[in-house]
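Given next are the chains, with one letter for each unit.
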Amino acid sequence: MSKPLVVDIHTHVYPPSYMAMLRARKTVPYIHDPEQGEPRLIILSSDDDPAIPIDQRGRPVDSSYSDINVKLTFMQQHGIDSSVISLANPWLDFLDPSEAQEWARRINDDLEETCASVNLSGNPDQKLPLKGRSSLFAFAVLPLSAPSPDIIVEEIKRLRSLPHVRGVIMGTSGLGNGLDDEKLGPVWAALEETQLLLFLHPHYGLPNEAFGGAEVTARYGHVLPLALGFPLETTIAVTRMLLSRVFDKFPRLQLLLAHSGGTLPFLAGRIESCIMHERNFVKNGGNVPGPQRSIWEILKTNIFLDAVVYGVAGLKAAVTVGGATDRLMFGTDHPFFPPLTEGEKDWLSVTTNYKAIEETFKDENETVAAVLGGNAARILSLE
Ligand code: URA
Ligand code: ZN
């Protein structure tokens, strides 16, 4: 079988302008860039523990976070033909309202230009597998802290003029009060109208107390926040959307959930059962409207999942709730989870996901090809 098209739909960048902004800051999120020693990226609130020396906080940050040529090299190294790049967490969530619109435009124009220039550069080593298209596309960012949702809607509509943009990436805080906030209605309506895919990605995790306190969290570095905090955060956010009837009111909204939906595929039955037994909901005699559409239907019609779950059990849960294998898409989470030893070319985080896909869909070449790239090409109109 010839090598299938490989599309990475979960891959981040911090454009140089954003890096400079982080370097100028002293509170989370920021980059500690001493004159001597390596710079550190300190973006998670658990990273900024005063008990940890500043030169050990967060994680090392190098050019792989911002230099698109490093990403292109990474893509070639790992057989990736096309990438849909997105700003990494925490996006523009923390910006002063007065700055949000300008930064969103700057970052989105920058992503568009990066995609366009890679396409036009004619770099002979760079494959252009998707006929007539570049091998880079983008998920844009939204000015969520802007003073009014109108500004967010305006940016969503402006994205139609950026030919490489295929959706938007968003965290779970929404306008500051989570994704069940009624004030997000115009944003959901605009996403539905433009049919831009909403890539929902975690950042805030869970409070340190959930893991036994700051000392316990710090002892194990990023394991508890990233392995557990992130997936739970995604699960909670999308469940709040469901409970607040977002999918009843906006039935054509399309979401891509990071990390195979957090724990949503595994917990869907429990969530649905708790809804069925909840007396607060009108259909059970209470006074809270409660969701109408079932979680199973939403998972099959509104939700796509990435395949960034590093194991067969997670992938099986993801395809089971999707009802078919056509809603699952390969991703890497580059530049996060680099090899720990310098000079190592194969990233364990990537090869683990490749292996899990191959093992899950043993002897099903067409399914492997669909998950690796065919689904993304179709869902995101890359061809
Ligand atoms: N760590 C992060 O902060 N973000 C990611 O996307 C992955 C790991
Ligand atoms: Zn990510």
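Computed from a prediction, not measured in an experiment: that's the story for all the values here. (Residues numbered from 1 in each chain as written. Chains lettered and ligands numbered in written order. Predicted model: local features only at pLDDT ≥ 70, side-chain atom pairs only at ≥ 80, totals over all residues. Heavy atoms only, no water.)

### A few points about the site of ligand 1
So, point 1. Contacts to ligand 1 come from His12, Ile43, Arg59, Asn89, His201, Leu226, Phe230, Asp333, Phe336 and Phe337.
So, point 2. Here an oxygen atom of ligand 1 and a side-chain polar atom of His12 are 3.4 Å apart.
So, point 3. His201 is positioned such that a nitrogen or oxygen atom in its side chain is 3.1 Å from an oxygen atom of ligand 1.
So, point 4. In isolation ligand 1 exposes 230 Å². Once the protein is present, 99% of that is buried.
So, point 5. Of the residues assigned to the shell around ligand 1, the class counts are five nonpolar, three polar and two charged. (Near = heavy atom within 4 Å. Polar contact = N/O pair within 3.5 Å; in protein donor to acceptor, adjacent residues only side chain to side chain. Areas by Shrake-Rupley, 256 points an atom, 1.4 Å probe, with all protein chains shown as cover. Nonpolar A, V, L, I, M, F, W, Y, C, P; charged D, E, K, R; others polar.)

### Some points on the sheet that holds strand β3 (residues 40-42)
So, point 1. Sheet architecture is open: three strands sit in the order β2-β3-β4, paired in antiparallel fashion. Every interior strand has two partners, whereas the edge strands, β2 (30-32) and β4 (59-60), have only one.
So, point 2. Relative to β3, β2 runs antiparallel, the two being bridged by three bridges. Within β3, the residue paired with Tyr30 across the bridge is Ile42. (Pairing = 2+ DSSP bridges. Helix = DSSP H or I, 4+ residues; strand = E, 2+ residues; numbered from the N terminus.)

### Focus: helix α13 (residues 365-379)
So, point 1. Taking 1.5 Å of rise per residue, the 15 residues of α13 would be expected to cover 21 Å, and the 19 Å separating its terminal C-alpha atoms lies within 8% of that figure.
So, point 2. At Val371, α13 shows its maximal bend, which comes to roughly 60°.
So, point 3. By the burial criterion, the buried members of α13 are Thr367, Val368, Ala369, Ala370, Val371, Leu372, Gly373, Asn375, Ala376 and Ala377.
So, point 4. Residues of α13 that are buried sit in contact with β1 (7-13), β11 (328-329) and α12 (348-360).
So, point 5. Downstream of α13 by a residue or two, Ser381 has a phi angle that is positive, lying close to 50°. (Expected span 1.5 Å × (residues − 1). Bend = angle between axes of the 7 residues up to and from the residue. Buried < 20%, exposed > 50% of the residue type's maximum accessible area, 1.4 Å probe, protein only. Contact = heavy atoms within 4.5 Å.)

### Digging into the layout of surface pockets
So, point 1. Approximately 260 Å³ is the volume attributed to the second largest pocket.
So, point 2. Lining the second largest pocket are 19 residues; nearest its centre among them are Ile43, Leu44, Ser45, His203 and Tyr204.
So, point 3. For the lining of the second largest pocket, the residue count by class is 12 nonpolar, six polar and one charged. (1 Å grid on protein atoms, 1.4 Å probe; cavity = no way out; pocket = protein on both sides within 12 Å on 5 of 7 lines; lining within 4 Å. Points joined across faces, edges and corners; volume = space filled by probe spheres on them.)

### Focus on the confidence of the model for the protein
So, point 1. Scored by pLDDT, the protein comes out at a mean of 95, with 96% of its residues at no less than 70.
So, point 2. Within the protein, strand β8 (residues 197-200) carries the highest mean pLDDT (99), whereas helix α2 (residues 68-77) carries the lowest (94).
So, point 3. Throughout residues 124-134 the model reports pLDDT below 50, and contacts reaching past four residues in sequence, or to other chains, amount to 28 contacts.
So, point 4. Both confidence scores are given for the complex: pTM 0.96, ipTM 0.96. (pLDDT = per-residue confidence, 0-100.)

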